[in-house]
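Residues per chain are reported as follows:
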Amino acid sequence: MPYPVEMQDSIKNVAATRQPRLNREFPRLESSDKKQLLENYHPDYRPGSKKAIPLGPNKGELVPIELADLIKSPSRLNPAAIELEKNHYHTDVLVIGGGGGGATAALSAKKTGAQVLLVTKLRLGDSNTTMAEGGIGAATLPEDSPAIHWIDTMVGGRFQNKADLVEALVTDAPFIVDWLTNLGVNFDRNADGSYETHMPGGHSRRRSHSVKDLTGLEIMRVLADEIRNREIEVLEFSPAVELLLDEDQQCAGAVLLNLDTGQHFVVEAKTTIVCTGGMGRLHPNGFPTSNHYGATADGIIMAYRAGAKLLHPGYVQYHPTGAAWPEQMLGLLISEALRAQHAQLVNKHGQMFINRLETRDAVASAIIQECGEKNNGVVTPTGMVGVWLDTPLIDIICGQGTFLRRFAGIYKRFKKYDIDPINEPILIYPTQHYQNGGVEINTNGETNVPNLYMAGEVSGGVHGHNRLGSNSLQDIFVFGRRAGRHAAEKSRQVNLGKLSLDHVKAYNTLLQENQIETETVSPLILPDYRFEKALTKIQHIEGS
Amino acid sequence: MQNDIITLIPVIVMGKRYEVPHGLTIMKALEYAGYQLTRGCGCRGGVCGACATIYRKKGQYRLQVGLACQTVVEADIYILQLPFFPANKALYEINTTIPDDLNIIKLYPELLRCMGCNTCTNSCPMELEVMNYISAAIAGNYETVVELSMECVACGLCAARCPAELAPFNIALLIRRMVGKHLIQPSPQLAQRLEEIKAGKYEKELHGLKNTAPGEIEKKYKELQATKGASV
Ligand SMILES: Cc1cc2nc3c(=O)[nH]c(=O)nc-3n(C[C@H](O)[C@H](O)[C@H](O)COP(=O)(O)OP(=O)(O)OC[C@H]3O[C@@H](n4cnc5c(N)ncnc54)[C@H](O)[C@@H]3O)c2cc1C
Ligand code: FES
């Protein structure tokens with residue numbers, strides 16, 4: 001499906017202005033202008049895009065409306081209908097979530113000698129981890145150090161990170177690269193065996209370790225293979241719907257749903273590690289997302305009902321360049337590296353409107369303004385809007401062959417739809433990418449609820465208000481390993497009382513008492529794209 | 001801004017006929033038809049292999065394959081998703097399984113049953129040269145296996161169609177892991193960094209940083225940014 005006629009005229013505008021734009025850069029924003037741009041257009045800052053959490057430990061805190069709505073929904077589970085005595089599974093450690101964080105936690109708990117059960121919503125490995133392209137951050141070069149990595153991460157997180165968590169992250173990181181290599185992950189290497197490394201935005205040294213543009217896929221399939229080799233029991237298509245507590249308010253396992261049969265069943269576990277990932281599929285503020293199908297914030301919802309405290313749940317990362325056309329690629333991540341290689345952002349008239357090297361939040365805001373209030377976006381036949389990333393500039397400025405050498409994956413994907421990004425621009429719009437906050441943890445991955453652990457994107461504190469590229473893959477392995485080990489050791493001393501879902505009943509009652517009414521139930525488990533919802537919809541955030 | 005006029009085309013999902021808008025992927029067409037996907041959907045972005053699909057166009061005998069999230073529907077196509085295939089996966093201890101033909105044949109004896117029919121290559125939605133990497137595996141050219149199979153999303157279609165009942169994607173995964181673990185020279189830089197950390201070299205500095213005001217750290221950051229060099 002090459003560009004439809006409706007879009008061709010605008011492409012001609014872009015081609016016509018390309019030559020004059022060659023040696024020009026759009027001026028960088030003054031810091032006061034940037035502040036205003038963010039306040040007016042960035043979804044994190046705009047008052048209308050967030051709502052206060054009406055109850056629980058984080059009462060009053062502002063979070064995206066879609067998340068708030070799920071937090072204030074009653075459970076999808078009818079506690080009275082579950083026979084808790086008839087628990088079908090007993091285990092030392094229950095790991096919920098089969099992405100990189102969950103797989104690592106399971107392997108590490110098993111190695112520590114515990115009996116482990118891993119349960120996941122879709123297949124083992126269906127996760128955001130598999131989708132990670134760029135790489136995994138660790139200070140392994142001589143000119144780098146864990147201390148420099150710490151500084152970059154804290155500045156990136158606007159100093160809202162928990163300093164101890166960042167220390168754990170940067171200190172364990174090189175060991176994680178070693179561990180993954182020893183499991184047989186084929187990192188990009190130089191002839192002398194050293195790693196080929198890159199420097200994503202916000203970092204001060206080259207420290208992102210890559211496997212072409214398939215880093216997550218390669219790591220995830222190796223970890224999943226190792227789970228099978230270690231004969232760890234895995235239940236697929238069995239999402240957790242609520243956590244279980246005992247009379248002493250200790251976490252004691254979870255109620256799962258068999259997605260094939262619709263039946264619920266009970267797992268009693270001495271310790272529970274939740275690794276359920278992010279929330280992209282809530283489509284906060286109507287944005288498309290780069291996330292996988294199962295990224296629906298379930299972990300946050302379940303843990304919050306069980307009394308866990310959240311940290312920075314309102315901070316969401318929108319990546320400025322998600323694909324807006326073709327329809328089949330909507331929301332898919334287009335790497336920042338294209339802009340580093342001189343691709344400019346231009347509107348439907350072929351005019352620049354933001355410097356290509358501004359930070360993610362500023363670029364995203366400028367695009368939203370251009371497509372919304374200024375009405376300078378290109379409208380696609382499916383009703384999506386976007387601006388152009390002028391990719392032909394890459395070969396013109398950096399030399400013929402650069403695009404294919406650096407971005408073979410992107411080239412191949414667009415080529416499938418008869419779009420040639422070497423010679424034609426590509427249409428982009430910001431896409432929801434990452435949940436910066438989550439359930440608060442300590443350096444062992446423990447939450448404030450006894451026996452309940454978190455690791456990965458579901459957790460909060462490691463990245464403060466804003467995560468740097470390549471730090472998330474590292475986060476899931478560092479804290480997956482720590483949580484797995486600690487939960488396995490702790491399971492030896494845990495004595496559980498009677499299993500209970502009283503906290504779910506109490507939560508539902510509290511909602512009623514506060515006259516909080518919703519039509520939804522939570523956790524969401526899967527987004528609903530049936531019927532006309534299968535068609536692209538996007539709500540703009542109009543500027544004030 | 002939605003277009004008012006949508007052209008509908010018929011598709012046949014496991015024998016049932018639905019009308020769906022032209023231009024949708026097979027995945028969205030299934031959803032438009034009313035399916036709440038549980039199986040057969042993962043990343044929705046062409047990298048996880050959850051959505052392997054077999055289809056046939058009207059009037060043709062040839063079966064075609066694709067990823068449902070990446071393939072656009074056409075009028076009158078017959079669609080079947082293949083969300084699971086019971087492929088053979090050998091169990092092994094990676095630390096002691098060095099890459100040689102003895103080990104590989106022991107784990108996957110069926111490798112030698114390959115008859116070179118090329119069905120696997122023709123069934124790969126990622127357009128990988130599956131048969132060539134299987135030949136390379138038999139010939140002991142393990143680096144070639146790594147190179148040719150790196151983009152594999154393990155959708156299972158090659159295994160489903162192989163008349164010799166190989167699971168090429170699992171064989172490639174074994175060999176890639178063996179190569180990564182046993183044939184690549186370790187990084188001396190990494191080894192040194194691990195020694196430094198174990199010896200506690202950075203503890204004091206990190207402790208100091210944790211007790212430094214944000215303003216000071218911000219300053220250090222600016223200095224670091226100034227010396228970061230040009231590499232991206
Ligand atoms: C397109 C893309 C590119 C990225 N690129 C990079 C990169 O280059 N570098 C980097 O550092 N980071 C990157 N990230 C971010 C990073 O990949 C993720 O943040 C990280 O992998 C999250 O890992 P996780 O284990 O916490 O969650 P996930 O990998 O998402 O795994 C969560 C798992 O939990 C399961 N689950 C969810 N709910 C339930 C439930 N109720 N019951 C049971 N199971 C459940 C899910 O199905 C899934 O298997 C990228 C993210 C995306 C989307
Ligand atoms: S859903 Fe992952 S490849 Fe199609």
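Counting restarts for each chain, with residues numbered from 1 along the sequence as it is written. Each chain gets a letter, beginning with A, and each ligand a number, beginning with 1, in the order they are written. Thresholds applied to this predicted model are a pLDDT of at least 70 for local features of residues and 80 or more for the giving and counting of side-chain atom pairs; totals over whole chains, interfaces and linings are not thresholded and use all residues. For side-chain calculations, the full set of non-hydrogen atoms in the structure is used, while hydrogens and water are omitted.

Enquirer: Now, about the overall build of chain A: what can you tell me, with residues and values included?
Expert: Here a helix means four or more residues in a row that DSSP labels H or I, a strand means two or more in a row labelled E, and each is numbered from the N terminus. Along chain A, the regular secondary structure elements total 16 helices and 21 strands. For 544 residues, the compact-globule estimate of 2.2 N^0.38 gives 24 Å, and chain A sits close to it at 23 Å. By principal-axis analysis of the C-alpha atoms, chain A measures approximately 75 × 60 × 45 Å. We call a residue buried when its accessible area falls under 20% of the maximum for its residue type, exposed when it is over 50%, and partly exposed in between, using a 1.4 Å probe and counting protein chains only. Classification of the 544 residues of chain A by burial places 67% in the buried group. Throughout, a residue-residue contact means that at least one pair of heavy atoms, one from each residue, lies within 4.5 Å. A fraction of 74% describes how many contacts in chain A between residues 6 or more apart in sequence connect residues 24 or more apart. By element, 48% of the accessible surface of chain A is carried by carbon and sulfur atoms, the whole surface being about 18,100 Å². Here the positive residues are Lys and Arg and the negative ones are Asp and Glu; neither His nor the chain ends is included. A charged residue contributes its charge at one atom only: NZ of Lys, CZ of Arg, CG of Asp or CD of Glu. One way to put it: in chain A the 54 positive side-chain charges average out to a point 3 Å from where the 62 negative ones average out. The reference for a compact globule is 2.2 Å times residues^0.38; the radius of gyration itself is calculated from the C-alpha atoms. Each accessible area is a Shrake-Rupley result for a 1.4 Å probe, and residues are judged covered by the shown protein chains and nothing else.

Enquirer: Could you give me a rundown of the site of ligand 1, with the residues and numbers involved?
Expert: Residue and element names in this part refer to chain A. Being near a molecule or strand, for a residue, comes down to having at least one heavy atom within 4 Å of it. Around ligand 1, the surrounding shell holds 38 residues, and the nearest of these are Asp 126, Thr 129, Glu 457, Ser 472 and Leu 473. Here a polar contact is recorded for every N or O atom pair within 3.5 Å, except that within protein the pair must consist of a potential hydrogen donor and a potential acceptor, and residues adjacent in sequence are included only if both atoms are side-chain atoms. Lys 121 is positioned with one of its backbone polar atoms (N or O) 3.2 Å from a nitrogen atom of ligand 1. One of the backbone N or O atoms of Asn 128 is found 2.9 Å from an oxygen atom in ligand 1. Elements supplying a minimum of two residues to the shell around ligand 1: helix H4 (100-111), helix H5 (128-131), strand S17 (426-435) and helix H15 (471-491). Side-chain classes follow a simple rule in which Ala, Val, Leu, Ile, Met, Phe, Trp, Tyr, Cys and Pro form the nonpolar group, Asp, Glu, Lys and Arg form the charged group, and the remainder, Gly included, forms the polar group. Of the residues in the shell around ligand 1, the class split is 10 nonpolar, 22 polar and six charged.

Enquirer: Explain the pairing of strand S9 (residues 240-246) of chain A to me, and be specific about the residues and the numbers.
Expert: Residues and elements named next belong to chain A. Among the seven residues of S9, seven are classified as buried, and the element is accordingly described as predominantly covered. A pair of strands is treated as paired once DSSP finds two or more bridges between them. Where S9 and strand S10 (residues 251-257) come together, five bridges link them in antiparallel fashion. The partner of Leu 244 across the bridge, within S10, is Gly 253. Connecting the antiparallel pair S9 and S10 is a turn made up of four residues, with Gln 249 showing a positive phi of about 60 degrees. Pairing of S9 with strand S21 (residues 499-500), which is carried by two bridges, proceeds in the antiparallel orientation. Across the sheet, residue Asp 246 finds its bridge partner in S21, namely Leu 499.

Enquirer: I'd like a description of the domain arrangement of chain B, backed by residues and values.
Expert: Note: domain ranges come from an automatic or database domain assignment. Under the domain assignment used here, chain B contains domain 1 (8-81), domain 2 (104-182) and domain 3 (188-227). A separation of 52 Å is found between the C-alpha centroids of domain 1 of chain B and domain 3 of chain B.

Enquirer: A description of the pattern of salt bridges should follow, citing residues and the corresponding values.
Expert: Here, a salt bridge means any side-chain nitrogen of Lys or Arg that lies within 4 Å of a carboxyl oxygen of Asp or Glu. Tallying each qualifying case throughout the model produces 45 salt bridges over all chains. Here Glu 226 of chain A makes a salt bridge to Arg 230 of chain A, at a shortest N to O gap of 2.9 Å. What makes Glu 226 of chain A buried here is its relative accessible area of 3%. Taking relative accessible area as the criterion, Arg 230 of chain A reaches 33% and is therefore assigned partly exposed. Salt-bridge contacts for Glu 74 of chain B lead to Lys 57 of chain B; the nearest nitrogen and oxygen are separated by 3.0 Å. In this pair, Glu 74 of chain B sits in the loop between strand S4 (64-67) and strand S5 (77-81) while Lys 57 of chain B sits in the loop between strand S3 (52-56) and S4, placing the two residues 17 residues apart along the sequence. Since its relative accessible area comes to 36%, Glu 74 of chain B is described here as partly exposed. Each of the salt bridges in this network shares a partner with another, and the network as a whole consists of Asp 225, Glu 226 and Arg 230 of chain A together with Lys 89, Glu 93 and Arg 177 of chain B.

Enquirer: Explain the sheet that holds strand S7 (residues 208-209) of chain A residue by residue, including any values.
Expert: Residue and element names in this part refer to chain A. Pairing within the open sheet is antiparallel, and its three strands lie in the order S5-S7-S6. Two strands close off the open sheet at either side, each with one partner strand: strand S5 (136-137) and strand S6 (197-198). Two strands pair when backbone bridges link them, and S5 and S7 are joined in this way by two bridges, in the antiparallel orientation. Within S7, the residue paired with Ile 136 across the bridge is His 209.

Enquirer: Could you give me a rundown of the side chain of Arg 413 of chain A, with the residues and numbers involved?
Expert: As for its position among the elements, Arg 413 of chain A is in helix H14 (residues 408-415). For Arg 413 of chain A, the contacting residues outside a window of four places in its chain are Glu 133, Met 329 and Leu 332 of chain A together with Gly 45 and Val 47 of chain B.

Enquirer: Which residues make up the pairing of S5 of chain B, and what values do they have?
Expert: Residues and elements named next belong to chain B. The alternating pattern of S5 places Ile 77, Ile 79 and Gln 81 on a buried face, while none of Tyr 78 and Leu 80, on the opposite face, is buried. Inspection of the sheet shows strand S1 (residues 8-13) paired to S5 by three bridges, in the parallel sense. When the bridges of S5 are listed, Val 11 appears paired with Ile 77.

Enquirer: Can you lay out the confidence of the model for chain B for me, pointing to particular residues and giving the numbers?
Expert: For chain B, the mean per-residue pLDDT works out to 94, and 97% of the residues sit at or above 70. Among the prediction metrics, the complex's ipTM stands at 0.97, with pTM recorded as 0.96. As a per-residue measure, pLDDT reflects the predictor's confidence and takes values from 0 up to 100.

Enquirer: Account for the packing of helix H2 (residues 31-41) of chain A against helix H11 (residues 360-371) of chain A, naming residues and giving values.
Expert: Residues and elements named next belong to chain A. Running from amino to carboxyl end, H2 crosses H11 at an angle of 60 degrees, the nearest separation of the two axes being 9 Å. Taken together, the axes of H2 and H11 are oblique relative to one another. As H2 runs across H11, the sense of the crossing is left-handed. On H11, the residues touching Lys 34, Leu 37, Leu 38 and Tyr 41 of H2 are Asp 361, Ala 362, Ser 365, Ala 366, Ile 368 and Gln 369. Each residue belonging to the contact of H2 with H11 can be placed in one class, and the counts come to six nonpolar, two polar and two charged. Interaxial angle, 0 to 180 degrees, is taken between N-to-C directions of lines fitted to C-alpha atoms, where a helix line uses only the stretch in contact. When describing relative orientation, an angle under 35 degrees is termed roughly parallel and one over 145 degrees roughly antiparallel, while 65 to 115 degrees is termed roughly perpendicular and anything else oblique. Each crossing gets its hand from how the near helix is turned against the far one by less than a right angle, where anticlockwise is left-handed and clockwise is right-handed.

Enquirer: Can you tell me about the domain arrangement of chain A, naming the residues and giving the values?
Expert: All names here are of chain A. Parsing chain A into structural domains produces domain 1 (5-41 + 317-432) and domain 2 (79-315 + 436-503). Look at where the C-alpha atoms of domain 1 and domain 2 centre, and you get two points 33 Å apart. Facing the 17 residues of domain 1 at the interface are 17 residues of domain 2. Taken together, the two surfaces of domain 1 and domain 2 that pack against each other cover about 1,300 Å², and 45% of this comes from carbon and sulfur. Ranking the residues of domain 1 by area buried against domain 2 places Gln 317, Tyr 318 and Gln 432 at the top, with a combined share of 47%. For the pair domain 1 and domain 2, the number of links is two salt bridges. Where Glu 133 meets Arg 413, a salt bridge forms, and the shortest distance between an N and an O atom there is 3.6 Å. Where domain 1 meets domain 2, there are nine residue pairs in polar contact (both at pLDDT 80 or more). Elements with a minimum of two residues in the side of domain 1 that touches domain 2: strand S13 (316-323), H11, H14 and S17. Per-element tally for the side of domain 1 that touches domain 2: the top contributor is S17, with four residues. Per-class residue counts for the side of domain 1 that touches domain 2 are eight nonpolar, five polar and four charged. When two parts are brought into contact, each loses some accessible area as probed by a 1.4 Å sphere; the total of that loss over both is the buried area.

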